[in-house]
Amino acid sequence: MFEHIPAYPGDPILSLNEDFQLDPRPNKVNLSIGIYFDDAGKLPVMDAVRRAESALLDAIGPRSYLPMAGLPLYRETAQSLVFGANSEARAAGRIATLQTIGGSGALKVGADFLRRYFPASQIWISDPSWENHRVVFEGAGLTVNTYPYYDEATGGLRFADMIDAIGRLPERSVVLLHACCHNPTGVDLSAAQWAELVPVLQRRQLIAFVDMAYQGFGAGLEEDAACVRMLAEADVPLIAANSFSKNFSLYGERCGALSVVCKNADEASRVLGQLMSTVRANYSNPPTHGARLVANVLSDTSLRASWEAELATMRERILAMRGTIHAGLAGRVDEVMRARYVAQRGMFTYTGLTESQVERLRNEHAVYVLRSGRMCVAGLNARNADYVASSIAAAVSGA
């Protein structure tokens, strides 16, 4: 009955990570998967999360189903973190927010919602974008296109081309935007560029779909969410997906949220109802444990202060590793390639390495980066950064 079904080719990121696990070489370095590791090369358990979890273990109780929209306190604290405690849209009840199964779940629910209520709309994603963006939106039945974004020659942003392309999109088109720490390039819009983009979205009556998977890993919690708040204040039709996988180091708990900013509270209530209907058709309701951890940390003054401090330390360590590899490549590669490590930000850098150089890096030096040249800078540490820099230099020179 199932003999006609082809083999799944695998996800390129997860498949490469599996190859890394099987590599027996002791000097191997994994810079492929988007996970933050500490300076010891370990996945951290944040102190605030540990304390929140200990408190939950001391008060174990029944675990009934959550509502389709998720844990109320989680939804409230997630919305506050994304849009700001003093958001006018929040005060007016204009934001429909629900708990999702990770950031990917938020994208999926948003994609299904758009396909149902905007069936003629197509979506535009950046060139390049996270590979799964195309997978999720095409899987929902949407036509996926791209707009210009990354400049291969400079390692920067093709902003003029991006604005021009978005300014010519059909009305009600959906534009997927990365709030910060662009995946895979690490190239972000400046505040001034966001301010220039907003009126273009307004004029063309476009729907902005913002993916914010790395809040706190760019410039800071408030700074990284500034574009979302700018769009909300400008009354641009806005859908925002956010994730707590990275900034809470809760990858396996799948904690995300989806928010839709509406014109008024009545509209938000109807949108929330239809988002809940979408959840019901997908997975009925979200899980409890991770949501309680996030909600308890964000709603407790002491735990939140501890979490913010540790998150700042993680962000600063990434910056330090960028500086280390930038210094380690001095005189070994051309300056345009070298500058990317400090000009780009967040967990990822587009190194400018060719596919053959990436192959050489993996085969000859046991350093794993994606075929596109994307490197997860968060996988660097004080012990491996110099080795990685030397390996990159050797791969580039062919030595």
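Quick caveat, the model's predicted, so the values are computed rather than measured.

About the cut-offs
Residues numbered from 1 in each chain as written. Predicted model: local features only at pLDDT ≥ 70, side-chain atom pairs only at ≥ 80, totals over all residues. Heavy atoms only, no water. Pairing = 2+ DSSP bridges. Helix = DSSP H or I, 4+ residues; strand = E, 2+ residues; numbered from the N terminus. Axes fitted to C-alpha atoms, helices over the stretch in contact; angles between N-to-C directions. Contact = heavy atoms within 4.5 Å. Buried < 20%, exposed > 50% of the residue type's maximum accessible area, 1.4 Å probe, protein only. Salt bridge = Lys/Arg side-chain N within 4 Å of Asp/Glu carboxyl O. Disulfide = S-S within 2.5 Å. Expected span 1.5 Å × (residues − 1). Polar contact = N/O pair within 3.5 Å; in protein donor to acceptor, adjacent residues only side chain to side chain. Patch = residues over 30% accessible without salt bridge, like charges linked within 9 Å, V, L, I, M, F, W, Y side chains within 5 Å. Areas by Shrake-Rupley, 256 points an atom, 1.4 Å probe, with all protein chains shown as cover. Parallel < 35°, antiparallel > 145°, perpendicular 65-115°, else oblique. Left-handed = near helix turned anticlockwise from the far one by under 90°. Nonpolar A, V, L, I, M, F, W, Y, C, P; charged D, E, K, R; others polar. Phe/Tyr/Trp six-rings, centres within 6.5 Å; stacked < 30°, edge-to-face > 60°. Lys NZ or Arg CZ within 6 Å of the ring centre and 35° of its normal.

### Things to note about the sheet that holds strand β3 (residues 123-127)
No. 1: Strand order across the open sheet formed by seven strands is β2-β10-β9-β8-β7-β3-β4, with mixed pairing between neighbours. Each having just a single partner strand, β2 (95-101) and β4 (144-148) make up the two edges of the open sheet. Between one strand axis and the next, the sheet turns through 25° on average, direction left out of account.
No. 2: Note: strand β8 (residues 207-212) against strand β9 (residues 238-243), five bridges, orientation parallel. The residue bridging Val 210 from the neighbouring strand is Ala 240, located in β9.
No. 3: Set on the sheet, helix α6 (residues 131-139) makes contact with β3, β4, β7 (174-178) and β8; between it and β4 the angle comes to about 145°.

### Points about the environment of Leu 329
No. 1: Mapped onto the elements, Leu 329 comes out in the loop between α13 (301-328) and α14 (335-343).
No. 2: Note on Leu 329: relative accessible area 0%, which makes it buried.
No. 3: Through-space distance from the C-alpha of Leu 329 to that of Ala 89 is 47 Å; in sequence the pair is 240 residues apart.
No. 4: Discounting residues that sit within four places of it in the chain, Leu 329 has contacts with Arg 338, Tyr 341, Ala 389, Ile 392 and Ala 393.

### A word on the side chain of Ser 249
No. 1: Looking at the element boundaries, Ser 249 is found in the loop between β9 and β10 (255-261).
No. 2: Overall, the relative accessible area of 12% leaves Ser 249 in the buried class.
No. 3: Other than its neighbours up to four places away in sequence, Ser 249 contacts Leu 43, Pro 44, Met 46 and Phe 244.

### Points about the pattern of salt bridges
No. 1: Considering all chains together, one arrives at 16 salt bridges under this definition.
No. 2: Salt-bridge contacts for Asp 235 lead to Arg 94; the nearest nitrogen and oxygen are separated by 3.7 Å. With Asp 235 in the loop between α10 (226-233) and β9 and Arg 94 in the loop between α4 (88-91) and β2, this pair connects stretches of sequence that are 141 residues apart.
No. 3: Taking relative accessible area as the criterion, Arg 94 reaches 7% and is therefore assigned buried.
No. 4: A salt bridge links Arg 158 to Asp 161; its shortest N-O distance comes to 3.1 Å.
No. 5: Note on Arg 158: relative accessible area 32%, which makes it partly exposed.
No. 6: The class of Asp 161 is partly exposed, set by a relative accessible area of 36%.
No. 7: The structure contains a network of salt bridges with shared partners spanning Glu 88, Arg 94 and Asp 235.

### A few points about the pairing of β2
Regular strands place their side chains on alternate faces of the sheet.
No. 1: Taken across its seven residues, β2 has six buried, putting it largely inside the fold.
No. 2: Pairing of β2 with β10 involves seven bridges; the strand directions are antiparallel. Paired with Ile 101 across the strands is Cys 255, a residue of β10.

### Thoughts on the state of the cysteines
No. 1: Evaluated as defined, the whole model comprises zero disulfides.
No. 2: The thiol of Cys 181 is not disulfide-bonded; the next cysteine sulfur, from Cys 180, is found 4.1 Å away.
No. 3: With no disulfide of its own, Cys 262 has Cys 227 as its nearest cysteine by sulfur position, at a separation of 18 Å.
No. 4: For Cys 262, a relative accessible area of 5% gives the class buried.

### A look at α13
No. 1: Counted at 1.5 Å a residue, the expected span for α13 with its 28 residues is 40 Å, and the 41 Å between its end C-alpha atoms agrees.
No. 2: The residue sitting at the N-terminus of α13 and contributing the capping side-chain oxygen is Asp 300; that oxygen lies 3.0 Å from the backbone nitrogen of Ser 302.

### Here's the deal with a nonpolar patch on the surface
No. 1: A grouping of Met 1, Phe 2 and Ile 5 is seen on the molecular surface, where their side chains present a nonpolar patch of about 440 Å² in accessible area.
No. 2: Residue placement: Ile 5 occurs in the segment before α1 (12-22).

### Regarding the packing of helix α7 (residues 159-166) against helix α8 (residues 191-203)
No. 1: Where α7 contacts α8, the two axes come as close as 10 Å, and the packing angle between them is 15°. Relative to α8, the element α7 lies roughly parallel. Handedness of the α7/α8 crossing: right-handed. Where α7 abuts α8, its residues Phe 159, Met 162, Ile 163 and Ile 166 lie against Gln 193, Glu 196, Leu 197, Val 200 and Leu 201.
No. 2: Among the residues forming the contact of α7 with α8, the class breakdown is seven nonpolar, one polar and one charged.

### Description of the packing of aromatic side chains
No. 1: Under the definition given, this model contains 10 aromatic pairs.
No. 2: When the centroid spacing of 4.9 Å and the interplanar angle of 90° are considered together, the rings of Tyr 150 and Tyr 350 count as edge-to-face. Of this pair, Tyr 150 sits in strand β5 (residues 150-151) while Tyr 350 sits in strand β11 (residues 348-350), placing them 200 residues apart in sequence. Each member of the pair Tyr 150 and Tyr 350 is classed as buried.
No. 3: Seen from their ring centres, Phe 248 and Trp 307 are 4.6 Å apart, and the 25° between their planes marks the pair as stacked. In this pair, Phe 248 is assigned in the loop between β9 and β10 and Trp 307 in helix α13, connecting sequence segments 59 residues apart. Side by side, Phe 248 and Trp 307 carry an identical accessibility label, which is buried.
No. 4: An aromatic cluster is defined as three or more aromatic residues linked by ring pairs; in this entry it consists of Tyr 74, Phe 244, Phe 248 and Trp 307.
No. 5: The residue whose ring lies beneath Lys 28 is Phe 20, and the NZ or CZ to ring-centre distance is 4.6 Å.

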